[in-house]
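A look at the structure
The primary structure of each chain is shown beneath.
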Amino acid sequence: MKIKIDRNGRDLGRIIAVYTFNKYYGKNLRSSAQVHHIDGNETNNNNTNLVICQSKEYHNLLHVRTMALRETGDVHKRKCWVCKNYDDIVNLKYDKGEIYHHTNCFKTYMHTYNKNRKNKGAKHE
Ligand SMILES: [Zn+2]
Ligand SMILES: [Zn+2]
């Protein structure tokens, strides 16, 4: 199952989740806070299924960890965005927002990218 990460935080699932949270805890969430659904089901707004994230980054991290646990059994593994394989963080380079790559994968990727750009440019000459 694919987990959707709220980018603008404006989808209906979040609005209902925030409403449920406010009602249950009797306080208002900061606008930067996001609601995470533990089971990945955004329509399950039972208070036991909700985790409040104080930032988008933390929310993203929860999704990354959940995926890593599901795919590798280890929350500390991270996925290389180039080859799509999971590996230990020590073998990966950090980009940003919990995005990692293998140094060699990235080199290959950039090599192909530059080659394609050159080819495209040649066509237009
Ligand atoms: Zn979430
Ligand atoms: Zn890789």
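Counting of residues starts from 1 at the beginning of each chain's written sequence and follows it residue by residue. Whichever chain is written first is A, and whichever ligand is written first is 1; the rest continue in order. Owing to the predicted nature of the model, reporting of local features is limited to residues with pLDDT of at least 70; listing and counting of side-chain atom pairs is limited to 80 or more, with chain, interface and lining totals taken over all residues.

Attention shifts here to the overall build of the chain. Assigned secondary structure in the chain consists of three helices and six strands. Helices and strands in the chain line up, N terminus first, as α-β-β-α-β-β-β-β-α. Counts of 20 or more other C-beta atoms within 10 Å of a residue's own C-beta define buried residues, counts of 12 or fewer define exposed ones, and intermediate counts define partly exposed ones; C-beta atoms are placed from the backbone. Of all 125 residues assigned to the chain, the portion counted as buried reaches 13%. Within the chain, contacts between residues separated by at least 24 positions form 27% of all contacts whose residues are at least 6 apart in sequence. Helix and strand definitions here come from DSSP, where helices need a minimum of 4 consecutive H or I residues and strands a minimum of 2 consecutive E residues; each element is numbered from the N-terminal end. Any pair of residues counts as being in contact when their C-beta atoms, constructed from backbone geometry, are within 7 Å of one another.

Turning next to unusual backbone geometry. The phi torsion at K84 lies on the positive side, around 65 degrees, for a residue other than glycine. Note on placement: K84 falls in the loop between strand 3 (77-79) and strand 4 (86-88). The exposure class of K84 is exposed, given the 8 C-beta atoms found within 10 Å.

Our next topic: helix 2 (residues 56-72). Taking 1.5 Å per residue as the helical rise, helix 2 with its 17 residues ought to reach 24 Å, and the 24 Å between its terminal C-alpha atoms agrees with that figure. Directly beyond the C-terminal end of helix 2, a positive phi value near 80 degrees is found at G73. Expected helix span is taken as 1.5 Å per residue step, with the number of steps being one fewer than the number of residues.

The subject of this paragraph is the environment of N104. Summarising the element assignment, N104 is placed in helix 3 (residues 103-123). Between the C-alpha atoms of N104 and V82, which are 22 residues apart in sequence, the distance is 9.7 Å.

Within the secondary structure, S32 sits in the loop between helix 1 (12-25) and strand 1 (34-37). Sequence-wise, S32 and K56 are 24 residues apart; in three dimensions their C-alpha atoms are separated by 7.4 Å.

Within the secondary structure, A33 is located in the loop between helix 1 and strand 1. Owing to 17 C-beta atoms within 10 Å, A33 belongs among the partly exposed residues under this scheme. Along the backbone, A33 and V18 are 15 residues apart, and their C-alpha atoms lie at a distance of 9.2 Å. With near-sequence residues (within four places) excluded, A33 lies in contact with I52, C53 and Q54.

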